[in-house]
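Below are the chains, spelled out letter by letter.
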Amino acid sequence: MIKNFKWLLLVSLTFVACNNDDDVTADANSSDGLPLTSGSANFSKYVALGDSFAAGFSDNALFIEGQKGAYPNVLAQQFALAGGGAFTTPFMADNVGGLLLGGFQVSGPRLYFNGSSPVPVAGPPTTEITTHLSGSFNNMGVPGAKSFHLLAPGYGNPAGVATGTASPYFSRFSSSTTTTVLADALSQSPTFFSLWIGGNDELGYATAGGDASVNPLTPTATFDGAYNALASQLSAGGKKGVVANLPYVTTLPYFYVIKYNQLTQANLTVGGVNQVNNLNAQLYGPLHNALAFLGQGNRINLLSTTGNNPMLMVDENLTDLSASLTAVLIGGGLNAQTAAAFGQVFGRARQTLPTDLICLSASSRIGQTPSVAVDGVASPSPSLGQLGITFPLPDRYVLLPSEVDEIKIATDAYNVTIQAAATANNLAFVDAKAIMTQLGSAAGISGNGYTLTSTFVTGGAFSLDGVHPSPRGYALIANKFLEAINSKYGSNFKGVDLGKYRILFPANPANF
């Protein structure tokens, strides 16, 4: 009996010992429960290069809380769990957003959602461009920067801000007036870097409605040269990093808020009186008849008295019928002065179609008097004074199908360069184009019990400017970067909980 007790005791002790040896506490910060590791990467000195996405731009402005949630800042917080060092950011002066140059406001405050639409927050900006920040900064995201800007000497010279040759953002924290963004990054001897640049090389042109006189598309050769220089210098000596390609910017919410048939009957009602019949009799009817005589009657049709209506716009691809239209209208009995004004304004005009993409910037201009300062054009006649209704929207507010194709071709070429640079320099690669495609689908992207889509305001992924991510959108981007880093370098970051990041910022910073 005693022998049996001894045997049972021995078995019990052996069982406990085995259990104690195998009882390893799972690491809550790792993707596999194993101890968190940086793999073959070294995060002790991380620098981030890029544009407004890297900076944390959101709701049409840069401001402190938005900067805190920028994807590089989220990455740095994760890197700190695996040997990463301090990560500094050139913070703005407030949570209002906007900039001052010599005391004069040069960009407006951030937006907030008032329950029906995005509107600017109250209060003036307090961030003065000429107030220079001392020290070096790990987050070198520069809103508005194109690929070649990161290599441009003087891009951080405050004296060039007014003329557009320098960045108002980089001017606040550049190490000198002659340095480059890349030089300031390399001067910190980074052990790891992120580079996501090129969005503005296509976005500036797209948000300008494909108007190259406002913001041109970067030539492929220019992008190729700039990007390869950036990637090769950053990765010199075998330094590790992560790069991302570019989505089609024409899939951003910015181009899908304003519909081609934006003119409702309420929009066309003034003082309780519907103006459709008057517009048809005095403008649309004569224009349609004259254009029909010229074999182009489908350009402008009569407005509907019941449903939504398309807007008037300029189509640069159309044959200019200014002189012919003027002659036909005079022949139809219209006085020469009015006919000449009609010919001048509507020679290349048509109504918007479902295939046109209307820029969100048009939302504040539809129905307003055309202005050279704002719209780049003025009306020759007071009777033709409402943009989109009695005066065609200029090129800068509408992307034509041909311009969409042009942007896609350029983006595909940029992405070939980015992919090749990632391969040549042995860098982690994020397929941002695929991520954006997924966000644009009905299913969206799900994580931590939340589903993000690209739907404006309610989709959760984008902020109120329709271009830049929301805090939750930036967290999603950070997680996608971490997945790519894990895959390339053998780290095992779990990523952040999307539910801990808000969708929209409130009007009052006290509620952040």
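Residues numbered from 1 in each chain as written. Predicted model: local features only at pLDDT ≥ 70, side-chain atom pairs only at ≥ 80, totals over all residues. Heavy atoms only, no water.

**Some thoughts on the packing of aromatic side chains**
As enumerated under the stated definition, the model contains 23 aromatic pairs in all. Consider the rings of W196 and F481, whose centres lie 5.8 Å apart with planes at 50°: the pair is tilted. Of this pair, W196 sits in strand β7 (residues 192-196) while F481 sits in helix α14 (residues 471-489), and the two are 285 residues apart along the sequence. F481 shares its class with W196; the two are buried. Within the aromatic cluster, the residues linked to one another by ring pairs are F43, Y46, F79, F87, F192, Y489 and F493. Its guanidinium or amino end placed over the ring of Y248, K408 lies 5.5 Å from that ring's centre, counting from NZ or CZ. The ring of Y450 is capped by R472, whose NZ or CZ atom sits 4.3 Å from the centre of that ring. (Phe/Tyr/Trp six-rings, centres within 6.5 Å; stacked < 30°, edge-to-face > 60°. Helix = DSSP H or I, 4+ residues; strand = E, 2+ residues; numbered from the N terminus. Buried < 20%, exposed > 50% of the residue type's maximum accessible area, 1.4 Å probe, protein only. Lys NZ or Arg CZ within 6 Å of the ring centre and 35° of its normal.)

**Quick word on the packing of helix α4 (residues 71-79) against α14**
At a closest axis distance of 8 Å, the pairing of α4 and α14 adopts a crossing angle of 50°. Put simply, α4 runs oblique to α14. When the axes of α4 and α14 are compared, the crossing they make is right-handed. Contact residues: α4 offers Y71, V74, L75, Q78 and F79, while α14 offers Y474, I477, A478, F481, L482 and I485. Here the residues of the contact of α4 with α14 are counted per class, giving ten nonpolar, one polar and no charged. (Axes fitted to C-alpha atoms, helices over the stretch in contact; angles between N-to-C directions. Parallel < 35°, antiparallel > 145°, perpendicular 65-115°, else oblique. Left-handed = near helix turned anticlockwise from the far one by under 90°. Contact = heavy atoms within 4.5 Å. Nonpolar A, V, L, I, M, F, W, Y, C, P; charged D, E, K, R; others polar.)

**Notes on the pairing of strand β1 (residues 46-50)**
As a general feature of sheets, a regular strand has side chains that alternate between the two faces. A large share of β1 lies buried, amounting to five of its five residues. Neither face of β1 is left uncovered, since the one carrying Y46, A48 and G50 and the one carrying V47 and L49 both have all their residues buried. Sheet topology places β1 next to β7; five bridges connect them, and they run parallel. Each bridged residue has a counterpart across the sheet, and for G50 the counterpart in β7 is W196. (Pairing = 2+ DSSP bridges.)

**Brief notes about the pattern of salt bridges**
In the structure shown here, the tally under the stated rule is six salt bridges. Across the salt bridge formed by R365 and D375, the nearest N and O atoms sit 2.8 Å from each other. Of this pair, R365 sits in the loop between β13 (357-358) and α11 (372-375) while D375 sits in helix α11, placing them ten residues apart in sequence. Measuring nitrogen to oxygen at the nearest pair gives 3.4 Å for the salt bridge that ties D412 to K433. One end of the pair, D412, is in helix α12 (residues 401-424); the other, K433, is in helix α13 (residues 432-439), with 21 residues separating them in the sequence. Residue classification places K433 among the partly exposed positions, given a relative accessible area of 24%. Three or more residues are tied together by salt bridges with common partners; here these are D315, R350 and D356. (Salt bridge = Lys/Arg side-chain N within 4 Å of Asp/Glu carboxyl O.)

**Quick notes on the sheet that holds strand β15 (residues 428-430)**
Pairing within the open sheet is parallel, and its five strands lie in the order β6-β1-β7-β8-β15. A single partner strand is all that each edge strand has here, and the edge strands are β6 (139-141) and β15. Across the sheet, the axes of successive neighbouring strands diverge by a mean angle of 15°, strand direction being ignored. Inspection of the sheet shows β1 paired to β6 by three bridges, in the parallel sense. By the bridge assignment for β6, L49 is matched with M140. Those strands touched by α4 are β1, β6 and β7, and its axis lies near 165° from that of β1. In the packing of helix α7 (residues 220-234) onto the sheet, the strands contacted are β1, β7 and β8 (240-244), and the crossing angle to β7 comes to about 170°.

These figures come from the coordinates and say nothing about function on their own.
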